Structures are given as structure tokens and as C-alpha cells.
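Each chain, letter by letter, is given below.
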Amino acid sequence: MSKTTVTDDQIPSAEKIIATSPLYLLLNRSVRHFGMTIGGGVLLVIFLMAIFAPYLAPHDPYDFDLANKYISPVWAANGSWEHILGTDGQGRDYLSRIIFGAQVSLLIGFAAMLISGVIGTALGVAAGYFGGRVDMVITFLITTRLAMPVILVALAVVALVGSSMWIVIWVLGLLIWDRFAVVMRSTTQQVRNMDYVASAQALGCSTARIIMSEIMPNIVNALIVVATLEVAHAVLLEAALSFLGLGVQPPTPSWGLMISEGKGMMFFKPWVIAIPGTALFMLVLCINLLGDGIRDVTAPENRN
Amino acid sequence: MSEVIINAENVVKDYSLSQGVFRKKEILRAVDGVSLKVLRGEVLALVGESGCGKTTLAKIILGLLPQTSGFVQLNGQLLNQIPRLKLAKMVQPVFQDPYSSLNPRKTIGSIITLPLTVQGDRNPQTWENRVRKTMDLVGLHQRMFHQYPNQLSGGQRQRVAIARALINRPAVVICDEPTSALDVSVQSQILNLLNELRKELNLTYIIISHNLAVVEHMASRVAVMYFGKMVEEAETSTLFSQPKHSYTQKLLNSILTPDPRQGIPDKLKTA
């Protein structure tokens, strides 16, 4: 039996063990969070796919070829490697359209989330922090907004103003801030009653400083979770609007539009709607997994 | 004869209970015409049952709540005429619960430095010195500088809260039940620390407490509040030996003693 010898450089020094930076710990926890790794990983793939779409797509997504319409995907009996996911009713390559469609979905999802996030967070934090009259007015705004059905209003506005991608983004952004406002209002109310906010006031901090450095860091968890939910929400709404013909206009490749265009054939060629449907499902699932993961990982009770 | 540092005259605070625009106004009078003088260097204890307005009064003196009527003077100046940052250098609070008085997202270092940055000190060199000195003063180890509040015990957290209150050397510190959320063994450490700091830095304390043992140990004068009113005010020894108001008598009779034969004080004894 041989003795195991441990050399000095194999033993981590005490400083290395104790002096781990918060960022390192955060990364470490992120990697160990299963849902977050999966969600974040797949989302990253979709992101890269959207960014490098022109290099990845095997065909031009707008190139139609009526002689080759409804070619089955490669796993079907008559599929071919020429069109891995088959072609649609106008002979356009499905894989290329899915890849380019990711651009549309992500852009609309994130842009609408940013617009609604800014509006909703500003309103919610103001209502929760100042209370009283301000809260009454903002709560009234929120209830007014909640009384309006999103799809219906979006349809009406898009029908009136006309539809383009940026109009869809603005309409969604101006409509889906309600959840941001509701959640931010109640979390701000909770944090506002904490003694550390009273201490900051007693120290002479300005209101802006209290909101930015005492309130915001403590509600950012909830904000991230709502933000991811709203990205998913916006992606689904865009798909719904496109499906109804009032979202992104053809021939732009959009997953909602692809489902809409394929619905006539769905009993004969189910993959025509199953493929963009799966893409949509995966995107929404991954965004939500990532959001839950971020919430778990950044929770202060986890910091030890 | 030392000078009056806090002078409150006839302070009233009303809370509006009704919500909504069209409903009838209902008013709760939390502080009802309280007058109070605090001398420089003394320790005034505010006692009274829960909800009697002690904390509201403290918040008014801290400038966190506006009073409905009456006025508070600090060093002879009207409280609502003192600029925010100047007021912060005169009065500071130490809160009851050290778990909610420290922002869980900030390191101990940045919590203790905040008073300096707020006051416009932009030089990290002087922060460093003053923070380290203050941490030594309240008995915090330097390595805690980069730690987060949830890595500290209750007593250590309360020391951080005290350090934050003291770093700008205020004249008055208002301690709102500074030990009631702490372990019994830690309570006396914090109280002794407060006493030592008072002597060292020539501080004036207003201590709000339920715990009459704490009051007897710390205070030079006691003010008793009951339903928003100041019912009795006396030197600590006088109050404990000859309570005048019936509520004060009840309060003193309700103290638990370590002697098991005396049992738990209840209404029978005080009646």
C-alpha cells in the first residue's frame, strides 16, 4: 500500500476558502441550480440562434418554392435533409423560418417587457412608497387597466392604427404593465415599513436615494420574476395577435403567424403547427425557469 | 444646571383612520398634548404600555413624522426648520429589531458608511478611518466590514445599528426598545455598551422600554405615558420608590421577580 502524498498546492489556502467573492458565490449557486441551468442554457441557445440567424439558416426564410410545398420533416417517411423541418404551404424552409422567427419573438418579448416594466415599476413603487393620495390615484389606474381585456384592446388599437412590429411592441408595452405595478406596489409597501428605511430617513437620505439604494435592491427579486413572466406573456400575446392576423404581418417569419398559416392543414400535417408551437412552448418555459432560478439564487437568505 | 437639548411643547399627533375620499373622517389621537424637556447628558426613559404613543413621540422627535400641533425644539431651534442633513447630525435612532433595521442587501461596511456619504463626505480615506474607529468603539471585528447582516448574530447586528447611529456623533440617540429583540445574555452587553458610549461621547439618550429593569439600570429620569398622555415624570429613584399615578403603580407591581415564591403578578395583586 502506498502512502497518498498531498502536495502543498493541492490544499486550498485558508484565504481561498474564506475570501470568496460574492460574485463567485452567486455564480457557484447559479450553476448548481438545475432549473436555471437548463432554462438559461436553452434560452442562450435561442438567443444565439436569433443573433446569428443569417449564418445559421440553411435557406432564405422568404424564398418560396410552390413546387416543394408541405415537404415533411426529416423524421417523416418522405422527409429529406434538404429541408430538415420541412416546408410550409408556400414551400418556404421551416427551419429557416423558425430561426428567423426567434428574432421576432425575442425582440417583441423583451421590448414590450422593458416598456411595461418601466411604466409598471415607476407606478407601483410610487404607490407603495408614498401611499395616501398617490396610492389611491395609481390603484385607480391599475384597476382601470385591469378592467380592459388585453387582446381586445390590442386588436382594436392595431386595427385602427395598422400593424407593424413596432406598433405591436408599443401596444403590448403600454398594456401589460399591470402585473409590474401590482407586485411592485405590494412589495414596496412591505419594504417601506422596514426599520432600515426609517433609519435612512433619519440619516437624512433623500427620497430618491432611499428608493434607489434601500427599496430597489430589496424588491429587485420580485421585479426579475415578474419581468420574466411578462416576457413570456408578451411572446404569447404576440403569437396570439399574429395568429389573429393583427400582429406581425406576413411574410415576416413569426412563430404565431406560422401557427396561423398552418392551421388549415393541422389535421393532415400536424407538424406544421406542432413545430412552431414547440418552439414557443420551449421559449416560454425556459424564460420562466430562468426567472424562478434568478429569484432562488439571489434571495438574501441564501447568502451565507 | 445643564442646558435643555430637547424641548417638546404640547405635541399632538392625530392619525386619520378613515380611508377613501367620501367617508367620514375618524381620528385616532396617538399623542395627546405631550410636553417634555430633556437635558444634555441625561438618560430619559419613556415607559408605557404598547400603543400608548411612545414610538410615535420618538418618531416626531426624529423628524420622521410631522406633528399635528405643538412644537419640538432641538437646541433651541424649531425641529421643522432644521435642514434634513443637519437634523440627522443631531438626533439618531437605534431601533428595536436589529433584523429589520439593517438592509439585508448591503454589507456592514456600506451600512456604517452611509451616514458619511449622505453628509457629502466623498473621500474614501476618511471613511475608512472613521468606520474602523467606530467599529472598534462598538466592539465589532474589522473582518465584518465585508459581511452581510444575515451573517451576524442579533447582538452584533444591534452593534452595527449603534455604530451607524453614532458615526456622525449626534448629540441625542433615541433607543426604541434597544434590547427587547435580543437574547437575555446579549441584552446586558448592549446596555453596558450604550452606557459606556454615553460617558465616552457625552451623549443624551431617550430610551423607550417595556422593561423596568432596563429603565432602572439605565435611566436618570423616567417619563410614564398612558393613552397618549404623559402621566408622570420623576427621577428614577423617586419613581421606583414613590410612584404617584395609579398606572405607574400598576406597572411597578407587574414586574416579574426571579423569586419563584412570589409567583406571576396578576390583577389580584394590583387591585
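Residues numbered from 1 in each chain as written. Chains lettered and ligands numbered in written order. Predicted model: local features only at pLDDT ≥ 70, side-chain atom pairs only at ≥ 80, totals over all residues.

1. Details of the environment of His83 of chain A
All names here are of chain A. Mapped onto the secondary structure, His83 falls in the loop between helix H4 (53-56) and helix H5 (94-130). Note: C-alpha distance between His83 and Pro73 (10 residues apart in sequence) is 6.8 Å. Not counting residues up to four positions away in its chain, the partners in contact with His83 are Ile71, Asp93 and Tyr94. (Helix = DSSP H or I, 4+ residues; strand = E, 2+ residues; numbered from the N terminus. Contact = placed C-beta atoms within 7 Å.)

2. Points about the sheet that holds strand S8 (residues 204-208) of chain B
All names here are of chain B. The strand order across the open sheet built from six strands is S6-S7-S8-S3-S9-S10, with neighbouring strands paired in mixed fashion. A single partner strand is all that each edge strand has here, and the edge strands are strand S6 (91-94) and strand S10 (229-235). The mean inter-strand angle of the sheet, taken between neighbouring strand axes irrespective of direction, is 20 degrees. As paired strands, strand S9 (residues 221-226) and S10 are joined by six bridges and run antiparallel to one another. Note on S10: the bridge partner recorded for Met225 is Met230. (Pairing = 2+ DSSP bridges. Axes fitted to C-alpha atoms, helices over the stretch in contact; angles between N-to-C directions.)

3. Section: the sheet that holds strand S1 (residues 4-16) of chain B
All names here are of chain B. One open sheet accounts for four strands, arranged S2-S1-S4-S5; its pairing is antiparallel. Taken across any chain shown, the strands that pair with only one partner, and hence form the sheet edges, are strand S2 (27-39) and strand S5 (77-78). As judged from the two bridges shared by strand S4 (residues 69-74) and S5, these two strands associate in the antiparallel manner. Across the sheet, the residue bridging to Leu74 is Gln77, located in S5.

4. Some points on the interface of chain B and chain A
Listed as interface residues are 23 residues of chain B and, on the opposing side, 17 residues of chain A. Mapped onto the side of chain B that touches chain A, the elements with two or more residues apiece are helix H2 (84-90), S6 and helix H3 (108-118) of chain B. Per-element tally for the side of chain B that touches chain A: the top contributor is H2 of chain B, with four residues. Class assignment for the residues of the side of chain B that touches chain A results in 13 nonpolar, six polar and four charged. (Nonpolar A, V, L, I, M, F, W, Y, C, P; charged D, E, K, R; others polar.)

5. Remarks on the nonpolar core
With 148 residues, the main nonpolar core has Leu172 of chain A together with Ala45, Ile61 and Ile206 of chain B as its most contacted residues. It is H5 of chain A that contributes the most residues to this core, 16 residues altogether. For Ile206 of chain B, the contacting residues outside a window of four places in its chain are Val38, Leu44, Leu46, Ala58, Val172 and Ile174 of chain B. (Core = buried A, V, L, I, M, F, W, Y, C linked by C-beta atoms within 7 Å. Buried ≥ 20, exposed ≤ 12 C-beta atoms within 10 Å, placed from the backbone.)

6. As for the confidence of the model for chain B
A residue-level look at chain B finds 92% of positions with pLDDT of 70 or above and a mean pLDDT of 83. Two numbers describe this predicted complex: its pTM, 0.80, and its ipTM, 0.84. (pLDDT = per-residue confidence, 0-100.)

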